[in-house]
Amino acid sequence: MLITRGYRTQLDLNHQQITLCKQHAGAARWSWNWGLRRKQEVYQQEKRWISAMELHRELNALKQTEIPWMYEVSKAAPQEALRDLDQAYRNFFRRCGLKKEGKWRGKPGFPKPKTKRKGVGSFRLTGSIHIYEQAIELPRFGRLRLHECGYLPTGGVAVLSATVSEKAGRWFVSVQVSEQVPDPPQAAGPPIGVDTGIKTLAQCSDGRAIANPKALTSELKRIKRLHRWLSRKQKGSKNRAKARQKVARKYARVAYVREDALHKGTSQLTRAQLPPEEREIRKAEIAATLPEPKAKVKPKRGKRSKKEPPPEPLPKNTANKVKAKQVKELLRQARILDAQRRPAVVVLEDLNVAGMRTEPQAGSGNQRCRIRRVQAANGLQNVLARRKPAVGRSLVCFHQTVLWLQPYQRRDRPFRAHLCLRASGLWAGDRS
């Protein structure tokens, strides 16, 4: 099947490239704010919504008179920002319609102006994008060095766009590609129930427990020290900017640890658990079928251009890293032989507790979204169990069937998800 997938990795940029990235992010932010202001002005005067294409034509006219600095950046950055603004308006009107029908509880989310208060921002580029083992080539940037090699796909995919973003002083690139992947075989293993908690990230009905890293608790002492150090710096000084950067990096590390725990935990729930011996055997079989990675060379254009030599092999260390990542990616793909090892249905608990701001469950909402994405790629089904706060009952949606259930009271079976499995007819254990 044909899927659209994103790959995100870190960039290693020099000072000149960082300055150019900040210029592109500033152009995208300025275009968003200008387009938002123009949309509101046109609506007040003409009672209609101006499209992104009309805004882009007006922006091209302004480049020649008022904003000539816009020529220093790629035209894709402001153009994609205006398209994102159009999408934000469509989402706002869609949520307004759902709110009138009573299907949307939160705010509709009218687009707001962007500032640098929460970071430099991001920008998206389209057009001629080439991916190599150790670098990526973007319009107006040339080749940018990658922090890790062999992660981004270099062949067999169609590159749609590349988004460059900044977080805590580090720059990342997210490449959106369209690739062909084999259809996942349907899982046939016994269903499992997942009870999310605070002490442990998730407790499964088959006895497996996924530990919660508690990244904030482990880093809280260093964060307090950095905040005291920051408070002693004079406002507006360069030392204060350095201290703010260190605090931001520490908070970013906490977010990275939580995200890593989510990825690893959801992979354990949805993928087949192989013994170490069998895993090594499969790795050896996959590695024997893969060719040796080579450096990708872009041929020169022109009539007088000389014929390029064939691509040379990568250095041994780099080639081993690239091949190991390829083996790891192929090992993740679901197989028919592992259908019995993967659960056919995963029942997730959704307490929806408002005001829980202690050491979080590493993002229960992000965990559900992550599991849904992994399930779609591995041929699994998902059941979400909700608890109604007023009555104290559980709402189970299984194949568009709504069931109201009494809470499970026995202490020797603490998994609330077991109740959902019994109600849906998926539990094969004791029904007493």
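Residues numbered from 1 in each chain as written. Predicted model: local features only at pLDDT ≥ 70, side-chain atom pairs only at ≥ 80, totals over all residues. Heavy atoms only, no water.

As named in an unreviewed UniProt entry, the chain is Putative transposase IS891/IS1136/IS1341 family, taken from Ktedonobacter racemifer DSM 44963.

(A) Broad picture of the pairing of strand β1 (residues 2–12). Of the pairings in the sheet, the one linking β1 to strand β7 (residues 170–180) comprises 9 bridges and is antiparallel in character. The residue of β7 that forms the bridge with R5 is V177. Relative to strand β5 (residues 142–146), β1 is paired through 2 bridges, and the arrangement is antiparallel. Each residue of the ladder has a partner; that of D12, found in β5, is R145. (Pairing = 2+ DSSP bridges. Helix = DSSP H or I, 4+ residues; strand = E, 2+ residues; numbered from the N terminus.)

(B) Here's a closer look at the sheet that holds β1. Pairing is antiparallel in the open sheet, where 7 strands are placed in the order β2-β6-β7-β1-β5-β4-β3. Looking along the sheet, the strands with just one partner apiece sit at the ends: β2 (122–125) and β3 (130–131).

(C) Fine view of the pattern of salt bridges. What the rule picks out here adds up to 19 salt bridges. R38 serves as the salt-bridge partner of E58, at 3.0 Å between the closest nitrogen and oxygen. Remark: R38 occurs in helix α1 (residues 15–46) and E58 occurs in helix α2 (residues 52–63); sequence separation between them is 20 residues. With a shortest N-O distance of 3.3 Å, E278 and R282 are connected by a salt bridge. (Salt bridge = Lys/Arg side-chain N within 4 Å of Asp/Glu carboxyl O.)

(D) Layout of the packing of helix α4 (residues 215–231) against helix α5 (residues 238–270). In contact at an axis separation of 10 Å, α4 and α5 are set at 175 degrees when each is read in the N-to-C sense. It follows from the interaxial angle that α4 and α5 lie roughly antiparallel. Contacts from A215, L216, E219, R222, I223, L226, H227, W229 and L230 in α4 reach R240, A243, R244, K246, V247, K250, Y251, R253, V254, V257 and R258 in α5. The residue inventory of the contact of α4 with α5, partitioned by class, reads 11 nonpolar, 1 polar and 8 charged. (Axes fitted to C-alpha atoms, helices over the stretch in contact; angles between N-to-C directions. Parallel < 35°, antiparallel > 145°, perpendicular 65-115°, else oblique. Contact = heavy atoms within 4.5 Å. Nonpolar A, V, L, I, M, F, W, Y, C, P; charged D, E, K, R; others polar.)

(E) Region of interest: the layout of surface pockets. The calculated volume of the second largest pocket comes to roughly 500 Å³. Considering the residues around the second largest pocket, the lining is formed by 17 residues, among which V120, E166, A168, G169 and Q245 are closest to the centre. Elements that contribute at least two residues to the lining of the second largest pocket include exactly α1, β6 (157–167) and α5. Ranked by residue count, the leading element in the lining of the second largest pocket is α5, at 5 residues. In terms of residue class, the lining of the second largest pocket is built from 6 nonpolar, 3 polar and 8 charged. (1 Å grid on protein atoms, 1.4 Å probe; cavity = no way out; pocket = protein on both sides within 12 Å on 5 of 7 lines; lining within 4 Å. Points joined across faces, edges and corners; volume = space filled by probe spheres on them.)

(F) Region of the structure containing the packing of α2 against helix α3 (residues 76–100). Where α2 contacts α3, the axes come no closer than 9 Å and their chain directions differ by 145 degrees. Note on packing geometry: the crossing formed by α2 with α3 is right-handed. Between α2 and α3, the contacting residues are A52, L55, H56 and L59 on the first element and P78, Q79, L82, R83 and D86 on the second. (Left-handed = near helix turned anticlockwise from the far one by under 90°.)

(G) Spotlight on a nonpolar patch on the surface. A surface patch of nonpolar side chains, about 350 Å² in accessible area, is lined by Y43, W49, F93 and F110. With respect to the helices, strands and loops of the structure, F110 is situated in the loop between α3 and β2. Relative accessible area serves as the criterion here: at 33%, F110 is assigned to the partly exposed category. (Patch = residues over 30% accessible without salt bridge, like charges linked within 9 Å, V, L, I, M, F, W, Y side chains within 5 Å. Areas by Shrake-Rupley, 256 points an atom, 1.4 Å probe, with all protein chains shown as cover. Buried < 20%, exposed > 50% of the residue type's maximum accessible area, 1.4 Å probe, protein only.)

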